Amino acid sequence: MYVQHTDEVPQTPPTPASSGHEPTTVERGSFCTARCNCGWSGPARRSRDRARTDAAEHSAAP
């Protein structure tokens, strides 16, 4: 299965209509990174669970 790398995914800037944070996780090789529609990006992690925790902590931040 081919995994599309983040370099190949077109980046879309956040729109004013988007409200709040919508963090997701992105896999690249053996690493997983939490990213948000506001432009925030967490550190690359080998643990997918830790990347999901980073995303949850970001969405809970004011």
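Below or above, wherever it landed, is the structure these notes cover. (Residues numbered from 1 in each chain as written. Predicted model: local features only at pLDDT ≥ 70, side-chain atom pairs only at ≥ 80, totals over all residues. Heavy atoms only, no water.)

## Brief notes about the pattern of salt bridges
Applying the stated criterion across every chain yields a total of five salt bridges. Close ionic contact of R45 with D54 constitutes a salt bridge, the shortest N to O distance being 2.9 Å. Its salt-bridge partner being R52, residue D49 comes within 4.0 Å of it at the nearest N-O pair. With D49 and R52 both in helix α1 (residues 48-60), this residue pair falls three residues apart, about one helical turn. Here the salt bridges share partners, and the residues they tie into one network are R45, R50, D54 and E57. (Salt bridge = Lys/Arg side-chain N within 4 Å of Asp/Glu carboxyl O. Helix = DSSP H or I, 4+ residues; strand = E, 2+ residues; numbered from the N terminus.)

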